[in-house]
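Residue-level structure breakdown
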Amino acid sequence: MGLQTIMGRISIGCYLSCGILVLFASRVQATSKRGSRGEALQSGTLPRFLQEPDDAYIIKSNPIQLLCRAQPALQIFFKCNGEWVHQSQHLAQEHTDLGTGMKFREVLINVSRQQVEDFHGPEDYWCLCVAWSHLGTSKSRKASVRIAYLRKNFEQDPQGTEVPLKGMIVLHCRPPEGVPLAEVSWLKNDEPLNMDTKVGSRADHNLIISEARLSDSGNYTCQASNIVATRRSANAAVVVYVNGGWSLWSDWSLCNVRCGRGLQKRSRTCTNPAPLNGGAFCEGMSVQKSTCNPICPVDGGWGPWSLWTACGVDCGRQRSRDCAEPEPRHGGRPCDGPGLGGDNCTGGLCIQNGNLLHDIKPQEVESSSDVVLYSGLSAGVLTVVVLIVVVTLYRRSHNEYGVDVIDSSALTGGFQSFTYKTSRQGNPLLINSSMQPDLSGSQTYTSPMCFQDSMDKELMADHSLLDPLPDIMVKGKGVMAEYHVMSHPRTFPRGVVPDYQDVGVDATLGRRGKTLFIRHGLPRPPPPPLPPPLKTTRVLGHAGGRLVVPNTGISLLVPRGGIAEDTSWEMYMIINQEDSSTAPEEEDEVLLSPEVTYGPPGLDLSCPVALSVAHCADLSGPADATWAVRLKRRTPENKWEEVMSMDEESTSCYGLLEVERCHLLLGRPGRYALVGRPLSQAAAKRLRLAVFGSPDLNNPLGYNLRVYCVEDTPHALQAVAVLECVRGGRLLEEPRTLQFSGDGFSLQVSIQDLPQLLWCIKPFTTCQEFSFAQVWGRDHHPLQCAFSLEYLGPPPTPPKLSCKISVRQVKGREQILQVYTSAAEQSEKGLIPLFPPSHCPLTSESGSTAFKIPPSIHQRICATFDSANSKGKDWQLLAQKLHVDRNLSYFACQRSPSAVILSLWETQHQTSGDVDSLACALEEIDRAPSPGTFTPLGQGSDRPDSEFS
């Protein structure tokens, strides 16, 4: 069974092997038949080229290959420039097409750069191939071989241009010579230009934008490319500018006067549209003024009284008057007082039943006359007794102080000059009864007097004794006190202290039967001499620099490039300290800053300078308690003219008002000052309070305190420091700030918590007062009041002084100065600095050391932001990020708006030692998304580093 199986399997294998052999034989036979038929076809036709050589370009030194393929072909040879290529340079191969079974031949040759360069002929280097068969030959097309190149220089670079909005932009470009011809494309801000319907390129490679848009501003580049290289032309800056247009006029303002001839104005702004990218500013005036004549109200006036009527049965008569001279009109006030008057026509002798005097019997008249006589005598005697008692008590209370006079300085409210001599005999009621009298002379104090006793105030209310408040000289018991008292016939609102400067009085006052001597008004003592003008000079050139008057808050920054190359100027800056001559046209204007002059007058700069000035206006209050601040300049005629208002736009200068300083961009040398008009009585200006002390040179146990009230500017405080340095004074407490409002109330300075057992103070100097006009006015001299103290303890003990100085505005704010010092020791140890240690005063410098921004960064910022780009990152965005975008029309008129913005930033941050704020602003601009794009929240720019890192 196993043997049969094996034999069966062998027989099956034999059958399969025989079948395979038969199939293979038949296949070989068919193939041989087909090959003989293909050879017969090939031998019966001319060679046909399956691939002819193509034109080729040699790039650099790399050889090129020419390929030729033909069918049927016995041989193929190349022929170049009319000469046969040697057979050794041919690389021939023969192949069979699997689909048709036909044979074809291909030949390959190499052509080097040297071969092409060595050929000199009327045409380019060329090659063709020739194929042979049994029937003949065939030639291919000629293939040219050229050396490829592309020149570096463009035959015509595009040129920058400025076009108005919706104008046509045409940029010409002729690419450099090259083989093959270069293809031209355009780039905008180094990015491929999007050829939309409004942007196209003609066959002559010129770029045409039919209707310019703001987004078309940028740097355009023509790019030429071929197989060798890519070349770029020079950048062509295209600026699409917008000429400014006026907005509509605003409504006319209210007339600036209540009645009579005044002015009203209306304004418009150059924002419809605002000039952009150097566009022309609007022509014409931005403000129009017109005269106005509001009708003045007429207050009513009484006419004359009519005649009395006949005496009536009630013993009375009447008369009347009319409010018709003139009648009240246009809202005027009506007449004050009654229009009807009555009187007793019998002199008060009318009897009860209405009968007149001639109707009364004689006996009744005599009895009535006796009663009236005795009643009058009794009343007179009682009045005399009361007057004697009052006068006696009054003399006792005042003679104890050695002065027999009523102090009237509290009514005048200002500093009055008086001469005080101490009593010749000791008085236990005096503040310093142990002091020996000074018989050699008198001391003069310039200060008002405040009453500490309510009895004195009540006596002062007796107008019959004080009106008209003459100049008096009184001799009392053992003392002579001379008072110079000034009165004024006008009345003032309650709480407002009038200014009695230069008012004379000529009157007499009788008292106790004595005649008092009368003196005319004495001249005010001259103010202390001012220090010499503060001035700084420096020679500056093309690199710019900074002028600084130390510790005054005044500085001047001259930008880089402002002065022409190979040119230098000796520039100066002066802080004028004489009495202000900026007399305002309107009475409510107040000088808020020192007057600053910079020059020389013939200074020629290509960009504005930055002037920083400190001011004393309090801008921290509500909107209705602020100021209308203006900049004024002195003309050659020695008059002051308004340059600009801080709340209006201007193209001549720029003002940035901060809490304590004002930064100005000016293009014209001269003398400038800031003035302000309070918008309401709540507007205030800042006062700086400082207390100095020094020993009394005439008294070893005496000590003097001097309190100064000046404008809160470093310059004013510096003037006080110079004055006290001459006097040998010492600062006893850190200066403090007080807001002084313009509501008309005066300023009081008083000493408090003085140890009565250790120290005494000169009489009438405990409380002193400055009138409102003195504090609010324009006088450059610092306001000063002095307190003269004397130590009462034993001489060997070094006197210690501890007290408080209260400075307050009546019905206003108050500030306390704490004094604690050793009056005997005036050493330098423990001195309070006038300026804080953190205050780093600036110095005048020239060149790059005067600026915070390095020159390379400054130049890069200006080049980036001065020209607009498709991402909208221009100088307007820079101004917005640096918070100086209030008056963009000023920057638009500058040759380099970015440079002027950076100059303003420099003067803002000249006291800080870093550029963090600028770096943060630039980084924020650099990472800002382009207009029309969306940046997911939390993601920044796709660039790894900032452009300005």
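The paragraphs below set out a description of the structure included in this document. (Residues numbered from 1 in each chain as written. Predicted model: local features only at pLDDT ≥ 70, side-chain atom pairs only at ≥ 80, totals over all residues. Heavy atoms only, no water.)

**Here's the deal with the overall build of the chain**
Of regular secondary structure, the chain possesses 13 helices and 53 strands. The burial tally for the chain puts 39% of its 949 residues in the buried class. Relative to all contacts within the chain whose residues are 6 or more apart in sequence, the contacts with residues 24 or more apart total 69%. (Helix = DSSP H or I, 4+ residues; strand = E, 2+ residues; numbered from the N terminus. Buried < 20%, exposed > 50% of the residue type's maximum accessible area, 1.4 Å probe, protein only. Contact = heavy atoms within 4.5 Å.)

**Considerations on the nonpolar core**
Membership of the largest hydrophobic core comes to 64 residues, with the highest contact counts inside it found for Leu631, Leu705 and Ile805. The dominant element in this core, judged by the number of residues it contributes, is strand S50 (residues 783-791), at 5 residues. Discounting chain neighbours no more than four positions away, the residues touching leucine 705 are Phe692, Gly693, Leu732, Ile751, Cys785, Ala786, Phe787, Leu789, Leu801, Cys803, Ile805 and Val819. Core analysis: the second largest hydrophobic core is formed by 30 residues, Leu665, Ile853, Ile901 and Leu922 among them. (Core = buried A, V, L, I, M, F, W, Y, C linked by side-chain atoms within 4.5 Å.)

**Considering helix H13 (residues 916-926)**
Burial in H13 covers these residues: Leu918, Ala921, Leu922, Ile925 and Asp926. Within H13, the buried residues cover an arc of 135 degrees as seen down the axis, which keeps them to one side. (Arc of directions from axis to C-beta.)

**A short note on the state of the cysteines**
Throughout the structure, instances matching the rule amount to 8 disulfides. Between the sulfur atoms of cysteine 259 and its disulfide partner cysteine 296 the distance amounts to 2.5 Å. Around the S-S axis, the bridge from cysteine 259 to cysteine 296 shows a dihedral of about 90 degrees and counts as right-handed. With cysteine 259 in the loop between strand S20 (236-241) and strand S21 (262-267) and cysteine 296 in the loop between strand S22 (287-292) and strand S23 (316-320), this residue pair connects regions lying 37 residues apart in the sequence. Overall, the relative accessible area of 30% leaves cysteine 259 in the partly exposed class. The exposure class of cysteine 296 is partly exposed, given its relative accessible area of 29%. Two residues, cysteine 323 and cysteine 335, share a disulfide whose sulfurs are 1.9 Å apart. Residues cysteine 323 and cysteine 335 are joined by a disulfide whose S-S torsion is about 80 degrees; by sign, that bridge is right-handed. Taken together, the residues span a long stretch of sequence, with cysteine 323 in the loop between S23 and strand S24 (340-344) and cysteine 335 in the loop between S23 and S24 at a distance of 12 residues. Cysteine 335 gets classed as buried once you look at its relative accessible area, which sits at 15%. For the unlinked cysteine cysteine 709, the closest cysteine sulfur is that of cysteine 785, found at 6.2 Å. (Disulfide = S-S within 2.5 Å.)

**Side note on a nonpolar patch on the surface**
Residues Val381, Val385, Val389 and Leu393 make up a contiguous nonpolar surface patch of about 360 Å² in total accessible area. If you trace the backbone, valine 389 turns up in helix H3 (residues 362-399). A relative accessible area of 45% means that valine 389 is categorised as partly exposed. (Patch = residues over 30% accessible without salt bridge, like charges linked within 9 Å, V, L, I, M, F, W, Y side chains within 5 Å. Areas by Shrake-Rupley, 256 points an atom, 1.4 Å probe, with all protein chains shown as cover. Salt bridge = Lys/Arg side-chain N within 4 Å of Asp/Glu carboxyl O.)

**Concerning the sheet that holds strand S40 (residues 654-657)**
Backbone-to-backbone hydrogen bonds join strands into a sheet, with any given pair of strands oriented parallel or antiparallel. Taken in spatial order, the 6 strands make up an open sheet running S40-S41-S37-S33-S32-S53, and their pairing is antiparallel. The sheet terminates laterally at S40 and strand S53 (845-846), the two strands that pair on one side only. Across 5 bridges, the pairing between strand S32 (residues 545-549) and strand S33 (residues 554-558) is antiparallel. Its bridge partner lying in S33, leucine 547 is registered against leucine 556. Strands S33, strand S37 (609-614), S40 and strand S41 (661-666) of the sheet are contacted by helix H12 (residues 897-908), whose axis makes an angle of about 150 degrees with S41. (Pairing = 2+ DSSP bridges. Axes fitted to C-alpha atoms, helices over the stretch in contact; angles between N-to-C directions.)

**Regarding the environment of aspartate 604**
Secondary-structure assignment places aspartate 604 in the loop between strand S36 (595-599) and S37. Judged by relative accessible area, aspartate 604 falls into the exposed class, the value being 57%. The spacing of aspartate 604 and glycine 562 is 42 residues in sequence and 8.5 Å in space, taken between C-alpha atoms. Once residues lying within four places of it in the same chain are set aside, the contact partners of aspartate 604 are Gly562 and Trp569.

**What to know about unusual backbone geometry**
Omega for the peptide link from valine 179 to proline 180 comes to -5 degrees, which places this bond in the cis form. The linkage connecting asparagine 272 with the following residue, proline 273, adopts the cis geometry, with an omega of 0 degrees. Tracing the backbone through its elements, the reader meets proline 273 in the loop between S21 and S22. Backbone geometry at asparagine 551 places phi at a positive 60 degrees, although glycine is not the residue there. Positionally, asparagine 551 belongs in the loop between S32 and S33. Residue class for asparagine 551 comes out partly exposed when judged on its relative accessible area of 22%. Of note in the backbone geometry, histidine 883 takes a positive phi value of approximately 65 degrees without being a glycine. Among the secondary structure elements, histidine 883 is positioned in the loop between helix H10 (875-881) and helix H11 (888-892). Overall, histidine 883 belongs to the exposed group, its relative accessible area being 65%.

**Here we look at the packing of helix H9 (residues 855-865) against H12**
Across the interface, H9 lies against H12 with an axial gap of 8 Å and an inter-helix angle of 135 degrees. Considered as vectors, H9 and H12 are oriented oblique to each other. The two elements H9 and H12 cross, and the hand of that crossing is right-handed. Across the interface between the two elements, His858, Ile861, Cys862 and Phe865 from H9 touch Ser898, Ala899 and Leu902 from H12. (Parallel < 35°, antiparallel > 145°, perpendicular 65-115°, else oblique. Left-handed = near helix turned anticlockwise from the far one by under 90°.)

**Some remarks on the packing of aromatic side chains**
Tallied over the entire structure, the rule returns 14 aromatic pairs. The interplanar angle of 85 degrees and the centroid separation of 5.7 Å between the aromatic rings of phenylalanine 692 and tyrosine 708 together place this pair among those described as edge-to-face. Within this pair, whereas phenylalanine 692 is found in strand S43 (residues 684-695), its partner tyrosine 708 is found in strand S44 (residues 702-711), the two being separated by 16 residues in sequence. With relative accessibility at 4%, the residue phenylalanine 692 sits in the buried group. (Phe/Tyr/Trp six-rings, centres within 6.5 Å; stacked < 30°, edge-to-face > 60°.)

**With respect to H9**
Listed as buried for H9 are His858, Ile861, Cys862 and Phe865. Mapping the buried residues of H9 onto a view down its axis gives an arc of 95 degrees, with all of them on the same face. Of the exposed residues in H9, the ones pointing more than 90 degrees away from its buried face are Ser856, Gln859 and Ala863. Looking at the buried side of H9, the elements it contacts are H10, H12 and H13.

**A look at the pairing of strand S2 (residues 56-59)**
Side chains Ala56 and Ile58 of S2 all project onto a buried face; the interleaved residues Tyr57 and Ile59 project onto a face where none is buried. Pairing of S2 with strand S10 (residues 143-150) involves 4 bridges; the strand directions are parallel. Among the inter-strand pairings, tyrosine 57 is bridged to a residue of S10, identified as arginine 146.

**A word on the sheet that holds strand S1 (residues 48-51)**
The strand order S1-S3-S7-S6 describes an open sheet built from 4 strands, whose pairing is antiparallel. Because the sheet does not close on itself, it has two edges, and the strands there are S1 and strand S6 (91-96). Adjacent strand axes in the sheet meet at a mean angle of 30 degrees when their direction is disregarded. Across 3 bridges, S1 lies against strand S3 (residues 64-71) in antiparallel orientation. Counted as the bridge partner of glutamine 51 is arginine 69 from S3.

**Considerations on the environment of glutamine 815**
In this fold, glutamine 815 is placed in strand S52 (residues 814-822). In this structure glutamine 815 comes out as partly exposed when scored by relative accessible area, which is 21%. Along the backbone, glutamine 815 and leucine 738 are 77 residues apart, and their C-alpha atoms lie at a distance of 6.4 Å. Excluding residues within four positions of it along the chain, glutamine 815 makes contact with Leu689, Arg736, Thr737, Leu738, Ile805, Ser806 and Val807. A polar side-chain atom of glutamine 815 sits 2.8 Å from the main-chain carbonyl oxygen of threonine 737. (Polar contact = N/O pair within 3.5 Å; in protein donor to acceptor, adjacent residues only side chain to side chain.)

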